[in-house]
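Secondary and tertiary structure notes
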Amino acid sequence: MEEKKSCCGSCTECARTKHTPRSEQERRQLDNRLNRMIGQLNGIRKMLDENRYCGDILTQIAAVESALQSMGYLILKEHMETCVMEGVRAGDTQIMGEAFELMKKLK
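Residues numbered from 1 in each chain as written. Predicted model: local features only at pLDDT ≥ 70, side-chain atom pairs only at ≥ 80, totals over all residues. Heavy atoms only, no water.

**A short note on the packing of helix 1 (residues 24–49) against helix 2 (residues 54–89)**
Between helix 1 and helix 2, whose axes approach to 10 Å, the crossing angle comes to 160°. Taken together, helix 1 and helix 2 sit at an angle that is classed as roughly antiparallel. Note that helix 1 runs across helix 2; the crossing there is left-handed. Classifying every residue of the contact of helix 1 with helix 2 gives 16 nonpolar, 3 polar and 4 charged. (Axes fitted to C-alpha atoms, helices over the stretch in contact; angles between N-to-C directions. Helix = DSSP H or I, 4+ residues; strand = E, 2+ residues; numbered from the N terminus. Parallel < 35°, antiparallel > 145°, perpendicular 65-115°, else oblique. Left-handed = near helix turned anticlockwise from the far one by under 90°. Nonpolar A, V, L, I, M, F, W, Y, C, P; charged D, E, K, R; others polar.)

**Here's the deal with the pattern of salt bridges**
Two side chains of opposite charge can pair, provided their charged atoms sit close to one another. The tally for this structure, following the rule as stated, stands at 5 salt bridges. Across the pair R52 and E50 runs a salt bridge, and its minimum N-O distance is 3.6 Å. Residue classification places R52 among the partly exposed positions, given a relative accessible area of 37%. A single salt-bridge network, built from bridges that share partners, covers K46, E50 and R52. (Salt bridge = Lys/Arg side-chain N within 4 Å of Asp/Glu carboxyl O. Buried < 20%, exposed > 50% of the residue type's maximum accessible area, 1.4 Å probe, protein only.)

**A few points about helix 2**
The end-to-end C-alpha distance of helix 2, which contains 36 residues, comes to 51 Å, matching closely the 52 Å that a straight helix rising 1.5 Å per residue would cover. If you look at helix 2, its biggest bend is around 40°, right at H79. By the burial criterion, the buried members of helix 2 are I57, V64, M71, G72, L76, E78, H79, T82, C83, V84 and G87. The elements touched by buried residues of helix 2 are helix 1 and helix 3 (95–106). With its phi angle positive at about 85°, G91 sits one or two positions after the end of helix 2. (Expected span 1.5 Å × (residues − 1). Bend = angle between axes of the 7 residues up to and from the residue. Contact = heavy atoms within 4.5 Å.)

**Details of helix 1**
Note: α-helices contain 3.6 residues per turn, so residues at a spacing of three or four share the same orientation. An ideal rise of 1.5 Å per residue puts 38 Å on 26 residues; helix 1 measures up with 37 Å between its terminal C-alpha atoms. The complete set of buried residues in helix 1 reads L30, M37, I44 and M47. On its buried face, helix 1 is in contact with helix 2. Of the residues flanking the end of helix 1, it is N51, one or two places downstream, whose phi is positive at about 55°.

Read these as geometric descriptors, not functional statements.
What follows is the structure, given as C-alpha cells:
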C-alpha cells in the first residue's frame, strides 16, 4: 500500500493509509474495544436521560476515558512496531519526531 500525504487528514481523499495492514485479529480486537466504548457512551446518555446520580455518571466517564487511553496505547505500540520501524529502515529521519509528537498527544 502506498502512503498518501494528507492535506487535512480527515477526509477520505486525503487520509493516509498504513503500509503494513493490520491483521484480521487486530482489527477485530480494536473493533470490539471500540464497540464496547460506544456502548458505554450510550449508557452514559441513558444515565443522563434518567437523571442518574452525578457520581455514577462520572465513574462511567472515567471508564470510557480509560478504555480509550488503552486503545490509544495499543495503536501507538502497533505504530511503533510497524510504521516507525519501516520508516527507520527506509531512512526516514522525521518518523521519530512524528512518533514523539504522537506520544505527547496521548499523554
